[in-house]
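Observations on chain architecture
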Amino acid sequence: MNARRVDLNSDLGESFGRWVLGDDDAMLELVTSANVACGFHAGDPSTLRQVCARAAARGVSVGAQVSYRDLAGFGRRTMDVEPSELTDEVIYQIGALDGIARVCGTRVRYVKPHGALYNKAAVDPHTAGAVVAAVQAYDASLPVLGLPDSELLSAAAAAGLPTMAEAFADRAYTAAGLLVSRREPGAVLHDPQEIAARCVRLVTEGVIVAVDGSEVSVPADSICVHGDTAGAVEIAQAVRRALDAAGVELRPFAS
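Because the structure is a prediction, the values reported are computed rather than measured.

About the criteria used
- Sequence order as written defines the numbering, with residues in each chain counted from 1.
- Local features in this predicted model are restricted to residues of pLDDT 70 or higher, and side-chain atom pairs are both shown and tallied only at a pLDDT of 80 or more, whereas totals for entire chains, interfaces and linings draw on every residue.
- The side-chain figures draw on all heavy atoms in the structure; neither hydrogens nor water molecules are used.
- Relative accessibility decides the category of a residue: with a 1.4 Å probe and only protein chains considered, values under 20% of the type maximum give buried, values over 50% give exposed, and everything between is partly exposed.
- Put simply, DSSP marks the helices as runs of H or I at least four residues long and the strands as runs of E at least two long, and each gets a number from the N terminus on.
- The pairing criterion for strands is at least two bridges between them, as found by DSSP.
- The method works on a 1 Å grid over the protein atoms by themselves. A cavity is a set of points holding a 1.4 Å probe that cannot get out, a pocket is an open set with protein on both sides within 12 Å along at least five of seven lines, and residues with an atom within 4 Å of a point line them.
- Grid points are joined across faces, edges and corners, and a volume is the space filled by probe spheres set on the points.
- The classification used treats Ala, Val, Leu, Ile, Met, Phe, Trp, Tyr, Cys and Pro as nonpolar, Asp, Glu, Lys and Arg as charged, and all other residues, Gly among them, as polar.

1. Quick look at the pairing of strand E1 (residues 5-12)
Most of E1 sits inside the fold, with seven of its eight residues counted as buried. In the sheet, E1 pairs with strand E10 (residues 249-250) via two bridges, with the strands oriented parallel. When the sheet's bridge partners are listed, Val6 is paired in E10 with Leu250. When E1 meets strand E9 (residues 222-224), the two strands line up parallel, connected through three bridges. Of the residues in E9, the one forming a bridge with Leu8 is Ile223. Relative to strand E2 (residues 33-37), E1 is paired through four bridges, and the arrangement is parallel. The residue of E2 that forms the bridge with Asn9 is Ser33.

Below you can see the structure in the form of structure tokens.
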């Protein structure tokens, strides 16, 4: 982590047909990297093409946000998938988004799991290994974005893949440095100014205050502002303003 440089990312392309989620256009004016849905938890081809085209026009890096095949549950339900099958499904998703991105004049530049797959890959070596095997098979130069000290990043590093550590602007942390479950009250933060102040301290000091009041060391090459959080645009605006004011350079970690 560079104390004066960080990437700002958001989950985008999560609309589906006539169902619109988030404000992708507004977020693309603020972030430096876009974790774009690949159709398994959200996103249809037209939505993904629009997001990739707008990201390319604005110099925003496109990442493949791969998921369990779970449209109904928005990818937030843990699923029992054989590692070999999961590897194939992740390859499929990266390839689908990469094809759309290339038509739009860009390409997939990193991979980040979504939702339940993100959480399980962080702690389960079999799931982590399946995701890493997919990235390695598709393009071993692609960085993997995930929680610091997670099974996912450990497996990626062991396989020789570039790794990037991620922190979350709008999520509460436990004293162990893990994300508070969305099932728990207070798991998602909503006050833009509070979130912005946390992000400045995270980047400049490398720490974040956990739910029990303790300070946790959290290295971060990239900070995520969820595009589907209520007030996401206002949060991202506050974070960007605060980081700019603190002299932090915002740029993609993969370009």
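Moving on from the model shown.
2. Section: the layout of surface pockets
Here the largest pocket is characterised by a volume of approximately 560 Å³. Forming the boundary of the largest pocket are 24 residues, of which Gly115, Ala116, Asn119, Arg171 and Arg182 lie nearest the centre. Elements with a contribution of two residues or more to the lining of the largest pocket: strand E4 (108-113) and helix H4 (115-123). The dominant element in the lining of the largest pocket, judged by the number of residues it contributes, is H4, at seven residues. A per-class count over the lining of the largest pocket returns ten nonpolar, seven polar and seven charged.

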